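Summary of structural features
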Amino acid sequence: MKNFLYKTSLLIVCLGMFATSCKKQLDISPRQSIDANIALKTRAGINASITAVYAILKNARIYGRDMITHPEALADNGFATNKSGRLLPEAQNNFGAHFTTTIWSQCYRAINQINLTLAAIPTLAETPAPTAAEIAAWEGQLLFLRGLFHFILVEVYSYMPGAVVTAQDRGGVIISLEPIATGDGAQNFKPARAPIADVYNRIVLDLTAANSRLSNPGLGVNLANKAATQGLLARVNLYRADHAEAKRWADSCITIAGSRLTTTANHVSNWRSDTHAETLFQVRFGSSAENIGVNESLQTSFTTLVTAGNPASLGGFGDLVPTLTLLTDLGITLQGGMTTANFAVNAVIASRSTDVRNLLFEPGSNGRGPAKVETTKFLGKAGFINLDNVPVIRIAEVYLIRAEAQAASGSTVLNLVGALADLKTLKSRRYTDYTGSAQELADNTATQAQLFEEIIRQRRIELAFEGHRFFDLKRLGRDLVKAPHYNTVAFTDRRILPALPTADIDFNPNLKQNFGY
């Protein structure tokens, strides 16, 4: 029985990850390993442990794939081509086809390593002693990451503040702040899910503490930094419908990040670069050894192309492509019209609007079946197929967060002039003819409700295939309207939330499973 508990408990998994790291040495870069004898007892051990936590974000179930693909498939952005069978159940919203329980185990594994590392920092007895700047950098990164991992957990497995089906609500997720360093400690730790609001409050506390320790540009966009922390604080507060705090942090982020918005002239080329200029924080895939491969990388998930504009060269599977409604919002019209019959055959684009973002969408190869319009946002950096850095937050999103916070019904910082200004700032950098156009006139004369809906529509266009759409619909309490491809999923449907790991439910009597599982 004891062995079973060690294998199944959520926190035993966390402990096992740390123990394995000590036994097998911690991989870091540019050095390849740290000897187990100095793990968490030296500068090198602390740095290696932090690097190992960043590496968990690269897992295919997190930002390696699922946290990017699934929000598009589960919502109304993604159509599954069935060229490999992958992502089809998620696009059809089959019961049980959702974010997997691996996200739960991997996030808590990371959180426990963070807690162990935070606890170890004050005990270091090296000569010379760690400087205040070193400690601030360590703690800032770890607090940022703990906030991020808790946020991933609560946005995936729970309802969001202001959009809760009360009869089906089982709470937020476990808040884990204390290190589990022994088997007995793990066996005895059987917490309940914290209320949703408490989880968001904890995330904000961690990110606020991280913000006080980090600098800008700090360690760069591959690691936690001040601008990214403030951008994430803006997103978290928007998700919990605290519009005043969302605007406050967006204001600060935009101020310190500077002029990072791309223009109509360079937006597309930035997606062909190693790092998009608008990126505040990204998950870096730095070497071929980290390549997720032809089955599950973002490149193969989204496109059959190897290079843009060359459908003759077959690459991945193009498992998930834009729906007809997303193509329409992008300003793309198919030859023959926007019908399912034309969508089913080899795609030919008849026309495009002046939105440069639609240039990141083009017909793929017909080598695996009828060619579809596919996204080329992830097309293999620097020529390395299936290898891309993954933006977690870009400055464009922060402008849209601030715009929404000022346009939302009931906002305590309602300011339609400010919301319109942010919307126009973005659109003038995305549409080549926006200034003076009928579109600008319509924006200038929009009602509050119309302005809000245009901001949400722009979020759909701007962040398409970056892992946001499902969470946007979920936090707004909206049904998943998937016509003409699939059936609508009501917000009250049990399929909105995924299951928690059965093993953890069995081990911990205080942990409640999500409704319907």
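Basis of the calculations
Starting from 1, residues in each chain are numbered consecutively following that chain's sequence as written. Owing to the predicted nature of the model, reporting of local features is limited to residues with pLDDT of at least 70; listing and counting of side-chain atom pairs is limited to 80 or more, with chain, interface and lining totals taken over all residues. Just so you know, side-chain values use all the structure's heavy atoms and leave hydrogens and water out. Secondary structure elements are taken from DSSP: a helix is a run of H or I of four residues or more, a strand is a run of E of two residues or more, and numbering for both begins at the N terminus. Within these notes, the globule rule equals 2.2 Å times the number of residues to the 0.38 power, and the radius of gyration is based on C-alpha atoms. With a 1.4 Å probe rolled over the protein chains alone, any residue whose accessible area is under 20% of its type maximum counts as buried; one over 50% counts as exposed, and the rest are partly exposed. Contacts were defined at the residue level, with two residues in contact if any of their heavy atoms lie within 4.5 Å. Working definition of accessibility: Shrake-Rupley area with a 1.4 Å probe, residue cover restricted to the visible protein chains. The positive count covers Lys and Arg only, the negative count covers Asp and Glu only, and His and the chain ends enter neither. The atoms used to mark charge sites are NZ of Lys, CZ of Arg, CG of Asp and CD of Glu. Convention adopted: a line fitted to C-alpha atoms gives each axis, helices being fitted over their contacting stretch, and angles between N-to-C directions are expressed from 0 to 180 degrees. We call two directions roughly parallel when the angle between them is under 35 degrees, roughly antiparallel when it is over 145, roughly perpendicular when it lies between 65 and 115, and oblique otherwise. Two helices cross in a left-handed way if the nearer one is turned anticlockwise from the farther one by less than a right angle. They cross in a right-handed way if the turn is clockwise. In this classification, the charged set is Asp, Glu, Lys and Arg, the nonpolar set is Ala, Val, Leu, Ile, Met, Phe, Trp, Tyr, Cys and Pro, and all remaining amino acids, among them Gly, are polar. To define a nonpolar core, start from buried Ala, Val, Leu, Ile, Met, Phe, Trp, Tyr and Cys residues and group those joined through side-chain atoms within 4.5 Å. Expected helix span is given by 1.5 Å per residue-to-residue step, counting one fewer step than there are residues. For the purposes of these results, a polar contact is taken to be a pair of N or O atoms within 3.5 Å, where, inside protein, one atom must be able to donate a hydrogen and its partner to accept one; residues adjacent in sequence count only when each atom of the pair is a side-chain atom. For this analysis, a ring pair means two rings from Phe, Tyr or Trp (six-membered ring only for Trp) whose centres lie within 6.5 Å, classed as stacked if their planes differ by under 30 degrees, edge-to-face if by over 60, and tilted for the remaining angles.

Per the secondary structure count, the protein chain includes 21 helices and eight strands. Over its C-alpha trace the protein chain gives a radius of gyration of 23 Å, about what one expects of a compact globule, namely 24 Å for 517 residues. Each principal axis of the C-alpha distribution contributes one length, and for the protein chain these read about 70 × 50 × 45 Å. Counting the 517 residues in the protein chain, one finds 57% classified as buried. Sequence-distant contacts, at least 24 apart, represent 70% of the contacts inside the protein chain between residues at least 6 apart. On the protein chain, roughly 18,900 Å² of surface is accessible, and the fraction owed to carbon and sulfur atoms is 53%. Computing the positive centroid from 50 side-chain charges and the negative centroid from 43, the protein chain places the two 3 Å apart.

Looking now at the packing of helix α6 (residues 101–120) against helix α7 (residues 132–157). Between α6 and α7, whose axes approach to 10 Å, the crossing angle comes to 155°. As judged from the angle between their axes, α6 and α7 are roughly antiparallel. Here α6 runs over α7; the crossing is left-handed. Residues T101, I103, W104, C107, Y108, A110, I111, I114, N115, T117 and L118 of α6 form the contact with α7, whose own contacting residues are E139, L142, L143, L145, R146, F149, H150, I152, L153 and Y157. In terms of residue class, the contact of α6 with α7 is made up of 15 nonpolar, four polar and two charged.

Formed by 136 residues in total, the largest nonpolar core has its most connected members in L57, Y63, F144, F149 and I152. Once you skip the residues sitting within four places of it in the chain, F149 turns out to touch V53, I56, L57, I62, C107, A110, I111 and I114.

Think of an α-helix as 3.6 residues a turn; residues three or four steps apart then line up on the same face. Counted at 1.5 Å a residue, the expected span for helix α10 (residues 226–239) with its 14 residues is 20 Å, and the 20 Å between its end C-alpha atoms agrees. With 13 of 14 residues buried, α10 lies mostly within the body of the structure. Structurally, the start of α10 carries an N-cap: the backbone nitrogen of A227 is 3.2 Å from a side-chain oxygen of N225. A positive phi of about 60° marks A241, the residue just after α10.

Let's shift gears to the environment of P71. Topologically, P71 is positioned in helix α4 (residues 66–73). The sequence separation of P71 and I56 amounts to 15 residues, and the corresponding C-alpha distance is 19 Å. The contact partners of P71, leaving out residues within four places of it in the chain, are D66, F99, G467, H468, R469, F470 and F471.

This paragraph deals with the packing of aromatic side chains. Applying the stated criterion across every chain, the model contains 17 aromatic pairs. Ring centres of F79 and Y486 lie 5.7 Å apart, and the angle between their planes is 20°; on these two criteria the pair is classed as stacked. Here F79 is found in strand β1 (residues 78–80), whereas its partner Y486 is found in the loop between α20 (469–475) and α21 (502–507), with 407 residues between them in sequence. Of the two residues, F79 and Y486, both sit in the buried class. Ring centres of W104 and Y157 lie 5.3 Å apart, and the angle between their planes is 90°; on these two criteria the pair is classed as edge-to-face. Of this pair, W104 sits in helix α6 while Y157 is found in helix α7, placing the two residues 53 residues apart along the sequence. Just as W104 is buried, Y157 falls in that class too. Ring pairing ties together the aromatic residues W271, F302, F361, F378 and F465, which thus form one cluster.

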